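Here is what each chain is made of, one letter per residue.
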Amino acid sequence: MTITQRLLAGVMICLIGSPVMAEKLLLRANDLSFGGAESLDPLSPNRFYEVNDLIYSRLVRQDDAGQPSPELATSWTSNADATEWTLTLQTGVTFHDGSAFDAADVAYSLGRIEDPALESPVSAVLGFIDRVEVVDPLTVKIVLEAPHAGLPILLLDYRVRMIPDGAGPTIQENPIGTGPFKVESFDAEGTTRLVVNETYWEGRPLLDAIQFTAIPDSEARNQAMLAGQLDLNTITRDQMALYADNPAFQVQSFPSGGWFGIVFRTDTPPFDNPAVRRALRIAVDRQAMMTLMVGETGGTVGCDTPVRVDDPFRAMRDCPQDIEGAKALLAEAGYPDGIDIELVTSDVEPGMVRFAEVYQAQVAPAGIRVSLKVAPADGYWDDVWMTAPASVTSWGERPADQILNEAWRTGSSWNESYYANSVYDQTLDQARATLDPAAAKSLYVEAQEILFQDGGTFIPYQEDGRQVLSARVRGIAPVGEDHVRWHLVDLAE
Amino acid sequence: MSSATILRAVLSQPSGAIGVTLVVGHVLLAVLSPLVLPHDPVAQSAELILQAPSLSHPFGTDRLGRDILSRTMLGGREAMLIATLATLVAMVWGATVGLFLALIGGRTDAYAMRIVDALSSIPGILIVMIFVAALGVGVTALIPILGFSYGLSVVYIARAAALDFVARDFVLAAQARGEARATILIREILPNVRDSLAVQGAMQWSWLLLGIASLSFLGLGVAPPAPDWGLMIADGRGVMQTAPWAVLWPMAMLSSLIVGVNLAADAFSKALGVDRQMGVRAA
């Protein structure tokens, strides 16, 4: 053996013998529903929330019961009339660039919610914040324009995430947060790779990296999951059988406030006529629709309320199918022979096309003739949603006050049905200013009743969340996306 | 050759007999199926979601509990109708332009063919998708768009077939008699290239069927809930592993129709002495 050969052999032995740690890389997919315009600014209407959840932190986060619990804020108190809230911040937190997180960052991050240039949907939710005062580096005081007892619940919003003071204009190019992962490369239409934040304030996360691959089509994401190319994906009820009894996967289902709906733009004929849009909503057998889509027990039927089932402010009422009532309303509105409408849907989320097909079949006996148009999944939220006169929508669960303000308050940037009703807005204002929970509840219920009587959004049921994990994933409980403690997620060896 | 002689020549080839049987069977099914449907093809039922094939539903049911046999029987009608009309559009414009260019020749021919070359470099399905996605056109508007895009290849075939004849004595004689170009085209050239064009038309039809099924699969063609093979495959692929019947039947029907058309076209081209590759009468 020559010296070179011996050296080579030595190197080989070292390489084989040394304990090489495999990278713990979690594989996910993003749906490209903003067509490549996905934003790393957490407040942007095009927020890339799956990534933003991992790189930025909130002040508060959900505990196991869904209630506010400390994240970057360790405690919060309000004055007696709930107009001023004082938050104490976590010590020793640093951003990805090494700079310290403090009260000035909180003041800045909350202050930009109302920046008109951002057109953030959060401004309809937290626009009542008058100002944020820096008391000391670890204490902020949030001063409200009117009392609000539920501020901590609204701070759970998945978009209210902390960025460094002044970083707004450059946050897309330089996404600096305090979250458990850092952006290594970003391409919403291709691959986005996040790597571990070694100095994360709750300790080093267990994963080394998370990779997102853009797959616009929901069925293609399902096939990628089946083929072992993903570690986590949402699925429909009828897809659960694909994964059941397969040791390579873990299937989870859990109560959730998520819903599909149909948005009729209240500013566009014929949906600007309240009788027409009411007819389009009451003609449906909601229980039958839910049974077809998610099974008899796969969700909870509701009457066009977006409020999740376990929320104390949810309105409870019955709304059985009323074909004759719908016909009478249409006749009253000038459509005695029924009405033709075009409904746009897309495969952007699993089941959205079938949802439209079931709606079409349900309303046909009332003389409502629905023609369906399937738009490309890629860019659906950018190109179709809030543009087409009637389209299928999808929302994740949100607390009552958040969703009722975000999606129906006059002028809100995600007011998808372009609803404008001053009585509704005033009812919400009153509800927010009412500190007695029972009195507040009756006002929130009243607001939901206004939506049922007059609104342009059809919401037949809230459905349970369903997701599938690969067998190697650890630390993801059956909960929604923004409940997950990502630093505790791991992959089995 | 009389039509009966040609048909005999086609049917005497095993592949021709199979092809013609498949195509005739599909056309008969498309025409007659509304009369013999076992179930309502759009009736949804929560109790029947993804049922395996049984006596009452021999092809099983889909994700909304609809009868797949009924849907499969009807699933080719709309696509076949659109493909037929689009084939007519493609053949008429493609053949007219191709034959004229062959007859005119010279610079006009050279320039026009470069434009056709340029347009042909864009995949046909892409041209259609641009129209559908950008303009949001419906399924009826697909006919001229598909006809235009698929007609580009007809220009080549028609021109090549006609070039074989433009320098022949009978065409030169007609030109010497001072006959108009259109007359020469219709009386002298068209009868000689008719068979090539007919075979080409059959091929266009099968490509268009596949193109329309692809568009429906992508959600850009026939709108749901219409029973359509492309749509059925798109919907069923999400549960392919547990309910293969949801995709198997529409796939089998689409494939058998396309294979049938190809076998029949092959047999016809042999019987007629048309070289499908060149698109001209074999010497």
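Residues numbered from 1 in each chain as written. Chains lettered and ligands numbered in written order. Predicted model: local features only at pLDDT ≥ 70, side-chain atom pairs only at ≥ 80, totals over all residues.

*Asks:* Got a minute to help me understand the sheet that holds strand 6 (residues 129-136) of chain A in this structure?
*Replies:* The strands that make up a sheet are held in pairs by hydrogen bonds between backbone atoms, and each pair lies either parallel or antiparallel. Residue and element names in this part refer to chain A. Read across the open sheet, the four strands follow the order 4-5-7-6; overall the sheet is antiparallel. Single-partner strands in this sheet number two, and they are strand 4 (73-78) and strand 6. On average, adjacent strands in this sheet sit at an angle of 20° to one another, irrespective of strand direction. In this sheet, strand 7 (residues 139-144) lies alongside strand 6 in antiparallel orientation, the contact comprising six bridges. Across the sheet, valine 134 pairs through a bridge with valine 140, a residue of strand 7. Most of the contacts of helix 3 (residues 103-111) go to strand 6, to which it runs at about 175°, and overall it touches strand 5 (84-89), strand 6 and strand 7. (Pairing = 2+ DSSP bridges. Helix = DSSP H or I, 4+ residues; strand = E, 2+ residues; numbered from the N terminus. Axes fitted to C-alpha atoms, helices over the stretch in contact; angles between N-to-C directions. Contact = placed C-beta atoms within 7 Å.)

*Asks:* I tried to follow the environment of isoleucine 113 of chain A on my own but got confused; where do I start?
*Replies:* Residue and element names in this part refer to chain A. Considering the arrangement of structural elements, one finds isoleucine 113 in the loop between helix 3 and helix 4 (123-126). For isoleucine 113, a count of 21 C-beta atoms within 10 Å gives the class buried. The spacing of isoleucine 113 and glycine 127 is 14 residues in sequence and 7.1 Å in space, taken between C-alpha atoms. Ignoring any residue separated from it by four or fewer positions in sequence, one finds isoleucine 113 in contact with Leu43, Ser120, Val122, Ser123, Leu126, Gly127 and Ile129. (Buried ≥ 20, exposed ≤ 12 C-beta atoms within 10 Å, placed from the backbone.)

*Asks:* What am I meant to see in helix 9 (residues 286-294) of chain A here?
*Replies:* Each full turn of the α-helix corresponds to 3.6 residues, which orients residues three or four apart in the same direction. Residue and element names in this part refer to chain A. Here helix 9 lies mainly inside the structure; seven of its nine residues are buried. Among the residues of helix 9, Arg286, Met289, Met290, Thr291, Leu292, Met293 and Val294 are the ones counted as buried. Where helix 9 is buried, its residues meet strand 13 (299-301), helix 11 (352-363) and strand 18 (461-470). Among the residues trailing helix 9, glycine 295 stands out with phi positive, at a value near 90°.

*Asks:* Hey, could you run me through the domain arrangement of chain A in this one?
*Replies:* When the parts of a complex come together, some accessible area is lost, and that lost area is often used as the size of the interface. All names here are of chain A. Domain parsing of chain A yields domain 1 (57-170) and domain 2 (255-464). Taking only C-alpha atoms, the centre of domain 1 and the centre of domain 2 are 31 Å apart. The partner domain 2 presents 13 residues to the 16 residues of domain 1 that form the contact. At the level of elements, helix 4 and helix 5 (151-154) are the ones that each hand at least two residues to the side of domain 1 that touches domain 2. If one sorts the elements of the side of domain 1 that touches domain 2 by residue count, helix 4 sits on top with three residues. Residues that form the side of domain 1 that touches domain 2 fall into these classes: ten nonpolar, four polar and two charged. (Domains from an automatic or database assignment. Nonpolar A, V, L, I, M, F, W, Y, C, P; charged D, E, K, R; others polar.)

*Asks:* I tried to follow the packing of helix 8 (residues 274-282) of chain A against helix 10 (residues 323-332) of chain A on my own but got confused; where do I start?
*Replies:* Residue and element names in this part refer to chain A. Taken N-terminus to C-terminus, the directions of helix 8 and helix 10 make an angle of 160°; their axes are 8 Å apart at the nearest point. Of the possible angle classes, the one that applies to helix 8 and helix 10 is roughly antiparallel. Regarding helix 8 and helix 10, the two cross each other, and that crossing is left-handed. Seen from helix 8, the contacting residues are Ala275, Val276, Arg278, Ala279 and Ile282; seen from helix 10, they are Gly325, Ala326, Leu329, Leu330 and Glu332. (Parallel < 35°, antiparallel > 145°, perpendicular 65-115°, else oblique. Left-handed = near helix turned anticlockwise from the far one by under 90°.)

*Asks:* Is there a simple way to think about the pairing of strand 9 (residues 191-196) of chain A in this case?
*Replies:* Taken residue by residue, a regular strand's side chains alternate between the two faces of the sheet. Residues and elements named next belong to chain A. Judged from the four bridges that link them, strand 8 (residues 181-185) and strand 9 form a sheet pairing that is antiparallel. Of the residues in strand 9, the one forming a bridge with serine 185 is arginine 193. From the end of strand 8 to the start of strand 9, which pair antiparallel, there are five residues. Two elements, strand 9 and strand 10 (residues 209-214), share five bridges in a ladder whose sense is antiparallel. Looking at strand 10, one finds that threonine 192 is bridged to phenylalanine 212.

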